[in-house]
Amino acid sequence: LPEVMTEFYGSFDKEKACWMSKHEDDTYCIKPVRLDVIKSTGRKMLFIVAGGHKLDEEGKVASGHSTSGGLGLIVLTPNGANLGVVAANDLYEWFGTYNSIPEHDTVTIHRLGPNGAYGWVAKSQEDHSGYEYRWAKVYGVIGHSVTLLTTVTSYFSSGEPIGCGTEEQERCSTLSVKYVFETHSSASS
C-alpha cells in the first residue's frame, strides 16, 4: 500500500505521517483509509480508499465550512508481478464540509448489482444552522473511471434547538430513507 500511495500521491512526509500532494492550487495531506480485496468476474480486485485534509498556506489543516477534505478511490488488479490500474476517480473528490475526510467505516465496498459490479458507498453528514443532513454517495466503475452514480439523502431534519412550531420555525421536517441494491436481477448491471 505505501508504494501505491506514492505512485498516486507523491512523497511521504514522516513528520506529518501522510503523503503530501498538490491538486490544482491546493496542498493535501493524504492517508490510506481502507483496502478491500474482492474476487470479481474471475479476477482479484483491490479497492483502495484514500482521504486527505486540505492544508492552509502555513501547512496546517485548513478550516471553514466550505473547505472539503479529499476522497481518492482506486481499483487495482494483479498484472504479473505488478498491479494494473482498473479505474480511479480524480483522487481529490469532495467529501464533506469542515475539511472532513473519510474514516474506515464511512466508505465501504458493496456489490452494486449483478455481473460482478462492485463499488463504494461513502457516507457523510453535516449539522449546520439548525439543519442536519446525512447522505450516501454511490460510486461505481464505468470504463476506467470511478464515477459518482447517485447521491441518496438518507436523513434530513430542519429545526432549531428551541423546537419546532415556534416563531420562525413553523415548517420543521424530518426525512429518513433506507436503501438497498438489487444484486440478483437478470437485467444488466
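Within every chain, residues take consecutive numbers counted from 1 along the sequence as written. For this predicted model, a pLDDT threshold of at least 70 governs which residues receive local features, and a threshold of 80 or more governs which side-chain atom pairs are given and counted, while totals over whole chains, interfaces and linings are taken from all residues. Values reported for side chains reflect all heavy atoms of the structure, with hydrogen atoms and water molecules removed beforehand.

A.B. asks: Looking at this structure, I do not really get the confidence of the model for the chain. What am I missing?
C.D. replies: Reading predicted coordinates in detail is not appropriate for stretches of low pLDDT. In this model, the chain carries an average pLDDT of 85, and 88% of its residues clear a pLDDT of 70 or more. Of all helices and strands in the chain, the one with the weakest mean pLDDT is strand β12 (residues 173–176) (72), whereas strand β1 (residues 12–13) scores best (96). By definition, pLDDT measures how confident the predictor is in each residue, and it falls between 0 and 100. Going along the chain from the N terminus, every DSSP run of H or I of four or more residues is numbered as a helix, and every run of E of two or more is numbered as a strand.

A.B. asks: Explain the packing of aromatic side chains here, please?
C.D. replies: Geometry of an aromatic ring pair is reported as the spacing of the ring centres plus the angle between the planes. Centre distance within 6.5 Å is the pairing criterion for rings of Phe, Tyr and Trp, where only the six-membered ring of Trp is used; planes under 30 degrees apart are then read as stacked, over 60 as edge-to-face, and the remainder as tilted. The tally for this structure, following the rule as stated, stands at six aromatic pairs. The interplanar angle of 85° and the centroid separation of 5.7 Å between the aromatic rings of Y9 and Y92 together place this pair among those described as edge-to-face. Remark: Y92 occurs in the loop between β6 (82–88) and β7 (93–94) and Y9 occurs in helix α1 (residues 2–9); sequence separation between them is 83 residues. When accessible area is computed with a 1.4 Å probe and restricted to protein chains, residues below 20% of their type maximum are described as buried, those above 50% as exposed, and intermediate ones as partly exposed. When its relative accessible area of 3% is taken as the criterion, Y9 is described as buried.

A.B. asks: So what exactly am I meant to see when it comes to the state of the cysteines here?
C.D. replies: When the sulfur atoms of two cysteines share a covalent bond, that bond is a disulfide. A pair of sulfur atoms, both from cysteines and within 2.5 Å, is called a disulfide here. Applying the stated criterion across every chain, the model contains one disulfide. With a sulfur-sulfur separation of 1.8 Å, C18 is cross-linked through a disulfide to C29. Between C18 and C29 the sulfur-sulfur dihedral comes to about -115°; the bridge is accordingly left-handed. Of the two residues, C18 is situated in strand β2 (residues 18–23) and C29 in strand β3 (residues 26–40); the sequence distance between them amounts to eleven residues. An identical accessibility class is assigned to C18 and C29; each is buried.

A.B. asks: Got a minute to help me understand the side chain of S68 in this structure?
C.D. replies: Structurally, S68 is set in the loop between β4 (43–55) and β5 (70–79). Residues adjacent in sequence count toward polar contacts only when both atoms are side-chain atoms; beyond that, a polar contact is any pair of N or O atoms within 3.5 Å, and within protein one must be able to donate a hydrogen and the other to accept it. Within polar-contact distance, the side chain of S68 engages the side chain of W94 at 3.5 Å. Of the polar contacts made by the side chain of S68, one reaches the backbone nitrogen of F95; its length is 2.9 Å. Whether two residues are in contact is decided by their heavy atoms, any of which lying within 4.5 Å being enough. In contact with S68, not counting residues within four places along its chain, are Y28, K54, W94, F95, G96 and N99.

A.B. asks: Would you mind going over the pattern of salt bridges with me for this structure?
C.D. replies: Between side chains of opposite charge, a pair can form as their charged atoms come close. Definition used for salt bridges: Asp or Glu carboxyl oxygen within 4 Å of a side-chain nitrogen of Lys or Arg. In total, this model carries two salt bridges according to the counting rule given. Notably, a salt bridge pairs K54 with D26, separated by 3.6 Å at the nearest N-O pair. Linking K54 in strand β4 with D26 in strand β3, this pair joins segments that are 28 residues apart in sequence. Looking at D26, the relative accessible area reads 25%, which means it is partly exposed.

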